[in-house]
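Take a look at the letters that make up each chain.
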Amino acid sequence: MSSLTPAESEYVTLESSDGFQFVIHREVAMLSGTVKNMLSSPGHFTESTEGVIQFRDIKAIILEKVCKYWYYKARHLNSVTEIPHFEIEPEYALETLMAADFLDT
């Protein structure tokens, strides 16, 4: 059994409004300014102590796309070659844009 506290863990859990959970690398999640503030704030906030962030206004289909984007961004962060296009389905574009804005992504 691991002796790491959730705040020290390599992973963080993101929970969508419809109850789906996404376990992603903490370093990748911290690409979001909002998530970074939630996880590294000096107080003892639930998000930073438990390593779980609940998004009451973001559905799973959108949160999944945001997580994929964070991994895409992390992979191409210091790329010197042409970066491939990140595909967003038109029917989810508005909700994805609103989530990205909220998450400071």
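Definitions and cut-offs
- Residues numbered from 1 in each chain as written.
- Predicted model: local features only at pLDDT ≥ 70, side-chain atom pairs only at ≥ 80, totals over all residues.
- Heavy atoms only, no water.
- Helix = DSSP H or I, 4+ residues; strand = E, 2+ residues; numbered from the N terminus.
- Rg over C-alpha atoms; globule rule 2.2 N^0.38 Å.
- Phe/Tyr/Trp six-rings, centres within 6.5 Å; stacked < 30°, edge-to-face > 60°.
- Buried < 20%, exposed > 50% of the residue type's maximum accessible area, 1.4 Å probe, protein only.
- Pairing = 2+ DSSP bridges.
- Lys, Arg positive; Asp, Glu negative; His and termini not counted.
- Salt bridge = Lys/Arg side-chain N within 4 Å of Asp/Glu carboxyl O.
- Polar contact = N/O pair within 3.5 Å; in protein donor to acceptor, adjacent residues only side chain to side chain.
- Contact = heavy atoms within 4.5 Å.
- Core = buried A, V, L, I, M, F, W, Y, C linked by side-chain atoms within 4.5 Å.
- Patch = residues over 30% accessible without salt bridge, like charges linked within 9 Å, V, L, I, M, F, W, Y side chains within 5 Å.
- Areas by Shrake-Rupley, 256 points an atom, 1.4 Å probe, with all protein chains shown as cover.

Chemist: I keep staring at the overall build of the protein chain and nothing clicks. Help me out?
Modeler: Of regular secondary structure, the protein chain possesses five helices and three strands. In sequence order, the secondary structure elements of the protein chain are arranged as β-β-α-α-α-β-α-α. Here the C-alpha radius of gyration of the protein chain, 14 Å, is about what a compact globule of 105 residues would show, namely 13 Å. The principal-axis extent of the C-alpha atoms belonging to the protein chain is close to 40 × 35 × 25 Å.

Chemist: Hey, could you run me through the packing of aromatic side chains in this one?
Modeler: The relation between two aromatic rings is expressed through the spacing of the ring centres and the mutual angle of the planes. The tally for this structure, following the rule as stated, stands at three aromatic pairs. Relative to F86, the ring of Y69 has its centre 5.2 Å away and its plane inclined at 75°; by these criteria the two rings are edge-to-face. Here the residue Y69 occupies a position in helix α4 (residues 60-75), and F86 occupies one in the loop between α4 and α5 (93-102), the gap between them amounting to 17 residues. One aromatic cluster is present, built from ring pairs that chain together Y69, Y72 and F86.

Chemist: Quick question: what am I supposed to make of the pairing of strand β1 (residues 11-15) here?
Modeler: Taken residue by residue, a regular strand's side chains alternate between the two faces of the sheet. Burial analysis of β1 places four of its five residues in the buried class, the great majority of the element. As defined by bridge partners, β1 adjoins strand β2 (residues 21-25) across five bridges and the pair is classed as antiparallel. Each bridged residue has a counterpart across the sheet, and for T13 the counterpart in β2 is V23. Hairpin connection of β1 to β2: five residues between the antiparallel strands, including G19 at a positive phi of 90°. Bridge count between β1 and strand β3 (residues 52-54): three bridges; the pairing is parallel. Across the sheet, L14 pairs through a bridge with I53, a residue of β3.

Chemist: Teacher, can you tell me more about the side chain of E15 here?
Modeler: Relative to the elements of secondary structure, E15 occurs in strand β1. Although E15 is buried, it makes no salt bridge; R56 carries the closest opposite charge, 8.4 Å away. Within the structure, E15 has its side chain in polar contact with the side chain of Q21 (distance 3.1 Å). The residues touching E15, leaving out its near neighbours within four places in the chain, are F20, Q21, I53, Q54, F55 and L63.

Chemist: Help me out: how do you make sense of the nonpolar core in this one?
Modeler: By size, the foremost hydrophobic cluster in this structure holds 19 residues, and its most contacted members are L14, I24, V35, F55 and W70. Elements with a contribution of two residues or more to this core: β1, β2, α1 (26-29), α2 (33-40) and α4.

Chemist: Any chance you could explain a nonpolar patch on the surface here in plain terms?
Modeler: Taken together, the side chains of L94, L97 and M98 present a nonpolar region at the surface, about 350 Å² in accessible area. If you trace the backbone, L94 turns up in helix α5. For L94, a relative accessible area of 59% corresponds to the exposed category.

Chemist: Help me understand the pattern of salt bridges in this model?
Modeler: The full count for this structure, using the stated rule, is three salt bridges. As a salt-bridge pair, E64 and K68 come within 3.8 Å of each other at their nearest N and O atoms. In this pair, E64 and K68 are both assigned in helix α4, four residues apart and thus about one turn of the helix distant. Residue classification places E64 among the partly exposed positions, given a relative accessible area of 34%. Taking the shortest distance from any N to any O, the salt bridge between K65 and E89 comes out at 3.5 Å. Residue K65 is found in helix α4, and its partner E89 is found in the loop between α4 and α5; the two are separated by 24 residues along the sequence.

Any functional reading would require information that these geometric values do not contain.
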